[in-house]
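# Analysis of the macromolecular model
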Amino acid sequence: MGWKPLSPEGLRSSWRPAPWLGAALAIILASGALPLAWLGMEAIGRGALAAEALLTARTLGLLANTAFLGIAVALLAGLAGTMLAVLAAKTDLPWPRALGALLTFPLFLPPFVLALGWFAVLGRQGLLVQVAGPGVGARASDLYFGPAGAMLVLTVAYTPIAFHLVRVGLAAVDPAAEEAARLHRGWAHAVRRIDLPLVAPSIALAMLVTFVLVVGELGVPAFLRYPVFSAEVFTQFAAFLDIRSAVAMSLSLSLLVLAGLAIERGTLRHRVQFLPRHRLDAGIAPLGRWRPAVGVAAWAWVAVTVLLPFAGLAARAGGGASYGAAFQGAGRSIARSLWMSAVAATAILVFALLLAYLVERTGPRRRDGLDTLFLLLFAAPGTMLGVGLILVWNRAGISWLYGSAAIVLLGWLAHFTPLAARVVGVALQALPPGLEEAARLARASWGRTVWRVVVPAVRPALAGAWLLAFIFCLRDLDLAITIYPPGAETLPVRVYTLMANSPEPVVAALAVLTIGLTAAVVVTGAAGLIAIRRARAR
Amino acid sequence: MIRLEAVEFAYGRTRVLDGFTLDIPARAITVLAGSSGSGKSTVLRLIAGFEAPHRGIVMIGDEAVSRDGRIVVPPESRGVAMVFQDLALWPHMTVRQALDFVLGSAVPLAERRSRIDTALALVGLEHHADARPGRLSGGERQRVALARAIVIQPRILLMDEPLSNLDPHLRDALVTELRRIQTELALTVLYVTHSREEIFALGDRIALVGVGRVEQSGSPRELYERPSTAVVATFLGPGALLPGRLNGDRVECALGALPVPPPANLPAGQVLVLIRPEDVRVASAGPFMGRVERTVFTGGCFEVEIAGPEWRLIAAVGEELASRSEVRFSIRRAAILPWST
């Protein structure tokens, strides 16, 4: 053969991922970890004030309220999500996919929009008053404004987390492990003794994630007048312009979040070691004569918790005049929310790919550290991260950043990149490293390998990560309301600020518009994902 | 003991079993052999009760446990134990907890303990009773699966390629142990495999599954020496299949005339002649002559490919033969099969 050996120059390595990965990590650290660290240093620097703030009766009350709400919602959402996941994944329940899709939708909405929905049902002029009379309606309304209402709304909002984590956990259970139990016991026993213990870490993780999200929640407790830390941080900062108190309150809030994270890192990481399996199908328990009753109950749950509040909002909004007024008040915010979320999601996607690569293709020790850091960025309450961003970036000479939509984009980049990186990381885990090693042996550069080998292989995950990032940016209230500069109000911020001084039908119409916009995004995105998957299957 | 009668079964549109009929005797190991996708594992799932035959009957003893799309007796009431292909061990339970789970609280505590200890001793796992499967080696996991199956003293033990993931050394050891345990407990075992070594080491009887139905069943020796089809002949061992013409007590093939082994039970006409490697004797006085095409050392002996005009044989010989050399040989024995293309 006429081939000549390659010259040493031709063999020079072009495999240099470090600068790209290092730059991505540095930018995320600067946009998220630095503000949080700054906030921590400020709080430590004002140790006396922080300690004093922690020990007042009011702070202890806030601590109790926040912890109570977090724990109660985590338990309720964990229980409801687990039950529904078992029914959807392990039984022949009618239309389980449709049930899962409907159940998941509230997660994509700003939770305070759900609170508005329930207000349209349980408020003094809500649907319940029309059905049960003013006496019952008044009692329901009194009950709604307080911890019970906050628990109801946030449980509906976060049940999908437990539902999906448990559903994925159940799909990972080897059907042969269930069959091995079924040789000796019935299906109910197999689910109770085999499936549920195996997905216990998923249930616990879902409850912890829910707890962390609830303790950072601003919109719902503030709307329902239930005092919690996150609302207090925002009030101190936005209403009283008291950054020192906001920092002190953030410290208390961060203690709750860190406690939740410590439990996840300390205990849940040592999970049951799953063994190799041969079959990928799932065991399905027939409900038999119970199928109609269980089906009606599960669908009734979804109808009441998801569809009823939307129906209430639609009824409250009334005719086209409300929608016209709503659109007039928030039309620009809708357009702004859409383009800002699209820009942020695209940037997040690039960083998510680089950071996922860094986490998945690095040693286990470094992987754990990075994983914890990214989880912290996602778990940090939006109000807290917002105060940290203001501490770092509110400086003379960089007003172009602090005074424009860029500060919101930077905050979203820090807050939601970890979530997208987790989605991409799961796909990278399933990608054999041999694909990249083969490209490297063929002397492809690292960048070319990522672009030509890795990206096409994980395209569905990238599309899913973009959609998730887009939706989370679109629904964000807590971070955006803390840092938005004049003229950069997003839709949730606009709706939240209009709530106080607009007629109820207009607010309801705004909520319906938000729901409609989110539904359009979710349906379009889901259709796009399905098209990508089908194209790959061909 | 177990009977599957005219069973039909399909996964969606893929027909897996079609008129499958098989009798499995009690207190013996029946090996269900066949290539991948032939429906062996489906037969186990039908007997266990995880699937119902779309048509046909599954009987255990005198009882029809499934028939015509209906499961009459659910899995947990059939007295059947199973060792799954991937073992299906419960990762969250220790060995003792897993055995205790299958025995259930209906069995008194003292008896449960005693049975668990006996089962663990039988498989040599006394010292790992409190370990979880994730901490055990492949061979130990295999033993846990076996202990979990025998601790209930099942009527029937189903084994779905349980040794397929083990190295040959460990597999040999476990085969010997399995045979000992089966004899000790007088178990009725249905063992699925496609490994020739396991077929011959374990099988009191073999049922060889072709596409959706039993090709032939009988003792291992019977199937090896007198296969009824080319599928059975080639599955159970190497050998040459030569077209031939049966004429009375002789068969004419490309090698020449060979005596027919009794009983032929075939009408005169076109047949296939099966010649196994151990039936080819290389000797200077042999009546046939051919050229050595290839020699491979297989451990204890050499596998030699000998070819002539329109024929090709494999011989197992003790000495290495030079490639392209001419050798003389005789045929000790040949089997006659019905003609098939």
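Since the structure is predicted, the reported quantities are computational estimates derived from the model, not experimental observations.

### Here we look at the overall build of chain A
- Helix and strand counts for chain A come out as 25 helices and zero strands.
- Evaluated residue by residue, chain A yields a buried proportion of 48% over its 538 residues.
- A separation of at least 24 residues holds for 83% of the contacts in chain A among residues at least 6 apart in sequence.

### Observations concerning the overall build of chain B
- Counting its secondary structure elements, chain B contains eight helices and 21 strands.
- Taking the principal axes of the C-alpha coordinates as reference, chain B spans close to 75 × 45 × 35 Å.
- Burial analysis of chain B (341 residues in total) assigns 42% to the buried set.

### A look at the domain arrangement of chain A
Residues and elements named next belong to chain A.
- Here chain A is partitioned into domain 1 (17-44 + 318-538) and domain 2 (59-227).
- Here the C-alpha centroids of domain 1 and domain 2 sit 24 Å apart.
- Each partner contributes residues to the interface: domain 1 has 17 residues there, and domain 2 has 14 residues.
- Contributions of two or more residues to the side of domain 1 that touches domain 2 are made by α17 (382-393), α22 (459-475), α24 (491-501) and α25 (504-537).

### Describing helix α3 (residues 109-123) of chain B
Residue and element names in this part refer to chain B.
- With 15 residues, α3 extends 21 Å from end C-alpha to end C-alpha; this agrees with the ideal 21 Å at 1.5 Å per step.
- All buried positions along α3 are accounted for by Ile116, Ala119, Leu120 and Val123. The buried side chains of α3 occupy one side of the element, clustering within an arc of 95° when seen end-on. For α3, exposure combined with an orientation more than 90 degrees from the buried face picks out Ala110, Glu111, Ser114 and Ala121.
- Looking at the packing, one finds that the buried side of α3 touches α2 (95-103) and α4 (138-150).
- Positive phi appears at glycine 124, one or two residues downstream of α3, with a value of about 70°.

### Here we look at the interface of chain B and chain A
- Listed per partner, the contact involves 21 residues of chain B and 21 residues of chain A.
- Listed by contribution, the elements that provide at least two residues to the side of chain B that touches chain A are β7 (80-83) and α2 of chain B.
- Grouping the constituent residues of the side of chain B that touches chain A by class yields 15 nonpolar, four polar and two charged.

### Observations concerning the environment of Gly100(A)
All names here are of chain A.
- The residue glycine 100 is located in helix α4 (residues 96-104) in this model.
- Assessed through the 18 C-beta atoms surrounding it within 10 Å, glycine 100 is described here as partly exposed.
- Separated by 67 residues in the primary sequence, glycine 100 and arginine 167 place their C-alpha atoms 9.8 Å from one another.
- Not counting the four nearest positions on each side in its chain, glycine 100 is found in contact with Ala88 and Phe163.

### Topic: the environment of Leu152(A)
All names here are of chain A.
- Tracing the backbone shows leucine 152 in helix α8 (residues 147-171).
- Under the C-beta neighbour-count criterion, leucine 152 is labelled buried, with 22 such atoms within 10 Å.
- Once the C-alpha coordinates of leucine 152 and leucine 76 are considered, the two residues, 76 residues apart in sequence, prove to be 9.0 Å apart.

### Some words on the packing of α4(A) against helix α14 (residues 291-317) of chain A
Residue and element names in this part refer to chain A.
- It is the contact of α4 with α14, at a shortest axis distance of 10 Å, that shows an interaxial angle of 25°. What the angle tells us is that α4 and α14 run roughly parallel. Crossing angle aside, the handedness with which α4 passes α14 is left-handed. Within the contact between the two elements, α4 uses Leu99, Leu102 and Leu103 and α14 uses Ala298, Trp299, Val302 and Val306.
- Looking at the contact of α4 with α14 residue by residue, the classes come out as seven nonpolar, no polar and no charged.

### Re the sheet that holds β7(B)
Residues and elements named next belong to chain B.
- One open sheet accounts for six strands, arranged β7-β8-β9-β3-β10-β11; its pairing is mixed. A strand with exactly one partner marks an edge of an open sheet, and here the two such strands are β7 and β11 (214-218). Ignoring strand direction, the axes of neighbouring strands in this sheet form an average angle of 15°.
- Taken together, the four bridges between strand β10 (residues 205-209) and β11 define a ladder with antiparallel strand orientation. Looking at β11, one finds that leucine 208 is bridged to glutamine 216.

### Some details on the sheet that holds strand β15 (residues 269-275) of chain B
All names here are of chain B.
- As summarised here, the arrangement of the five strands in space is β14-β13-β12-β15-β21, forming an open sheet in which the pairing is antiparallel. Each edge of the open sheet is held by one strand with a lone partner, namely β14 (256-259) and β21 (335-338). The average undirected angle you get between the axes of adjacent strands in this sheet is 40°.

### Quick notes on helix α19 (residues 406-429) of chain A
Residue and element names in this part refer to chain A.
- With 24 residues, α19 should reach 34 Å at 1.5 Å per residue; the first-to-last C-alpha distance of 33 Å fits that figure.
- Considering bend angle alone, the principal kink of α19 is centred on phenylalanine 416 and spans about 40°; proline proline 418 follows within four residues of it.
- Summarising burial for α19: 19 of the 24 residues are buried, a large majority.

### A look at the pairing of strand β19 (residues 311-317) of chain B
Residue and element names in this part refer to chain B.
- Note that strand β18 (residues 302-308) and β19 share seven bridges and pair antiparallel. Bridge assignment links alanine 307 to a residue of β19, and that residue is arginine 312.
- Joining the antiparallel neighbours β18 and β19 is a turn of two residues, in which glutamate 310 adopts a positive phi near 65°.

### Things to note about the nonpolar core
All names here are of chain A.
- Counting residues in each nonpolar core, the largest one holds 273 residues, and the members touching the most others are Val424 and Ala469.
- In terms of residue count, helix α15 (residues 320-360) provides more of this core than any other element does, 16 residues in total.
- When residues no more than four places from it in sequence are discounted, the contact partners of alanine 469 are Ala344, Ala345, Ile348, Leu349, Phe416 and Ala420.

### What about the environment of Leu99(A)?
Residues and elements named next belong to chain A.
- One can find leucine 99 in helix α4.
- When the C-alpha atoms of leucine 99 and alanine 303 are compared, they prove to be 9.5 Å apart, with 204 residues separating the residues in sequence.
- Beyond its immediate stretch of four places on either side in the chain, leucine 99 contacts Ala88, Ala298, Trp299 and Val302.

### Digging into the pairing of strand β9 (residues 188-193) of chain B
Residues and elements named next belong to chain B.
- Counting buried residues along β9, six of its six residues qualify, which places the element largely inside the surrounding structure.
- The two faces of β9 match: Thr188, Leu190 and Val192 on one face and Val189, Tyr191 and Thr193 on the other face are all buried.
- Sheet analysis places strand β3 (residues 29-33) next to β9, joined by five bridges and oriented parallel. Bridging from a neighbouring strand, isoleucine 29 pairs with valine 189 of β9.
- Of the pairings in the sheet, the one linking strand β8 (residues 156-160) to β9 comprises five bridges and is parallel in character. Counted as the bridge partner of leucine 158 is leucine 190 from β9.
- After leaving β8, the chain enters helix α5 (residues 168-185) and then returns to the sheet as β9, a path that is right-handed.

### Considering the packing of α2(B) against α3(B)
Residue and element names in this part refer to chain B.
- Running from amino to carboxyl end, α2 crosses α3 at an angle of 125°, the nearest separation of the two axes being 10 Å. Classed by the angle they form, the pair α2 and α3 counts as oblique. In the packing of α2 onto α3, the handedness of the crossing is right-handed. Between α2, through Arg96, Leu99, Asp100 and Leu103, and α3, the contact on the second element is made entirely by Arg112, Arg115, Ile116 and Ala119.
- In terms of residue class, the contact of α2 with α3 is built from four nonpolar, no polar and four charged.

Cut-offs and rules
- Residues numbered from 1 in each chain as written.
- Chains lettered and ligands numbered in written order.
- Predicted model: local features only at pLDDT ≥ 70, side-chain atom pairs only at ≥ 80, totals over all residues.
- Helix = DSSP H or I, 4+ residues; strand = E, 2+ residues; numbered from the N terminus.
- Buried ≥ 20, exposed ≤ 12 C-beta atoms within 10 Å, placed from the backbone.
- Contact = placed C-beta atoms within 7 Å.
- Domains from an automatic or database assignment.
- Expected span 1.5 Å × (residues − 1).
- Arc of directions from axis to C-beta.
- Nonpolar A, V, L, I, M, F, W, Y, C, P; charged D, E, K, R; others polar.
- Axes fitted to C-alpha atoms, helices over the stretch in contact; angles between N-to-C directions.
- Parallel < 35°, antiparallel > 145°, perpendicular 65-115°, else oblique.
- Left-handed = near helix turned anticlockwise from the far one by under 90°.
- Pairing = 2+ DSSP bridges.
- Bend = angle between axes of the 7 residues up to and from the residue.
- Core = buried A, V, L, I, M, F, W, Y, C linked by C-beta atoms within 7 Å.
- Right-handed = clockwise from strand over helix to strand, strands pointing away.

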